[in-house]
Amino acid sequence: MKKVSLTRKAVGLCLATLFALSLMPTTSAASALAITTNDFVPFAQVAFVPCANGGAGEQVLISGTLHIEQHITINDNRATIKSHFQPQGAGGVGLTTGDNYNATGVTQEVDTLALTGGATEFTFVNNFKIIGQGADNNLLVHQLVHVTINANGDVTNTVDNTSAECQ
């Protein structure tokens, strides 16, 4: 599957936030900074559904609105970025068969970063479903990626659990 391209606004917000983080002095334990964004972005993408078209597979053009919510908290020497992506009213059409599909799921990511020294963690969970008409043409994708990096920059833990199945 292709990744959804973020809008210039979303990319600009991420870059501006990272720049602001780099300029901030270390905050005291009593203070915190929190920023939340909540956007709805139209999207379209082509995804291959291997179990569609009687098992021959087909490309499915999916479109709808992507709900993107991000929350950034800076507290003490840590920054936590929580991201939530969820298609809203997303559906598609098989480019070979013309069959209709619904696209559902949720993608979440939590990044915890040390502003100076310290460990960093990244957790990414993706559950994406393309549901077709009838039996045996539904694609279910699950991804779990977790990485821990210690204060020396060494990767100390990696979990990668990915599955894609047809039902």
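Fair warning: this is a prediction, and the values are worked out from it, not measured in the lab.

Undergrad: Would you mind showing me how to read the overall build of the protein here?
TA: Secondary structure summary: the protein contains 1 helix and 7 strands in total. In sequence order, the protein lays out its α and β elements as α-β-β-β-β-β-β-β. Per-residue burial for the protein yields a buried fraction of 31% across its 167 residues. When contacts within the protein are restricted to residue pairs at least 6 apart in sequence, those whose partners lie at least 24 apart make up 53%. For the protein, the exposed area adds up to about 9500 Å²; of that, 56% sits on carbon and sulfur atoms.

Undergrad: Is there a simple way to explain the sheet that holds strand S5 (residues 120-132) in this structure?
TA: Taken together, the 7 strands give an open sheet; going across it, the order is S1-S2-S3-S4-S5-S6-S7, and neighbouring strands pair in antiparallel fashion. Because the sheet does not close on itself, it has two edges, and the strands there are strand S1 (32-49) and strand S7 (155-166). On average, each strand axis in the sheet is inclined to that of its neighbour by 10°, with strand direction left out of account. Of the strand pairs in this sheet, strand S3 (residues 78-94) and strand S4 (residues 100-114) are connected by 11 bridges, and their pairing is antiparallel. Bridge assignment links Ala79 to a residue of S4, and that residue is Leu113.

Undergrad: Looking at this structure, how should I read the pairing of S7?
TA: Both faces of the sheet carry side chains from a regular strand, because those side chains alternate between them. As paired strands, strand S6 (residues 139-149) and S7 are joined by 11 bridges and run antiparallel to one another. When the sheet's bridge partners are listed, Val145 is paired in S7 with Asp160. Between S6 and S7, which pair antiparallel one after the other, the connecting turn spans 5 residues, and Gly153 there sits at a positive phi close to 90°.

Undergrad: Is there a simple way to explain the confidence of the model for the protein in this structure?
TA: Close reading of the predicted structure is inappropriate where its pLDDT is low. On average, the protein scores 85 in pLDDT, and the residues at 70 or more come to 82%. This model gives residues 1-29 a pLDDT under 50, and the stretch forms 30 contacts once residues within four places in sequence are excluded.

Undergrad: Honestly, unusual backbone geometry in this entry has me stumped. Any pointers?
TA: Its identity is not glycine, yet Asn53 carries a phi of approximately 55°, on the positive side. The residue Asn53 is located in the loop between S1 and strand S2 (58-75) in this model.

Reading the values: the criteria
- Residues numbered from 1 in each chain as written.
- Predicted model: local features only at pLDDT ≥ 70, side-chain atom pairs only at ≥ 80, totals over all residues.
- Heavy atoms only, no water.
- Helix = DSSP H or I, 4+ residues; strand = E, 2+ residues; numbered from the N terminus.
- Buried < 20%, exposed > 50% of the residue type's maximum accessible area, 1.4 Å probe, protein only.
- Contact = heavy atoms within 4.5 Å.
- Areas by Shrake-Rupley, 256 points an atom, 1.4 Å probe, with all protein chains shown as cover.
- Pairing = 2+ DSSP bridges.
- Axes fitted to C-alpha atoms, helices over the stretch in contact; angles between N-to-C directions.
- pLDDT = per-residue confidence, 0-100.

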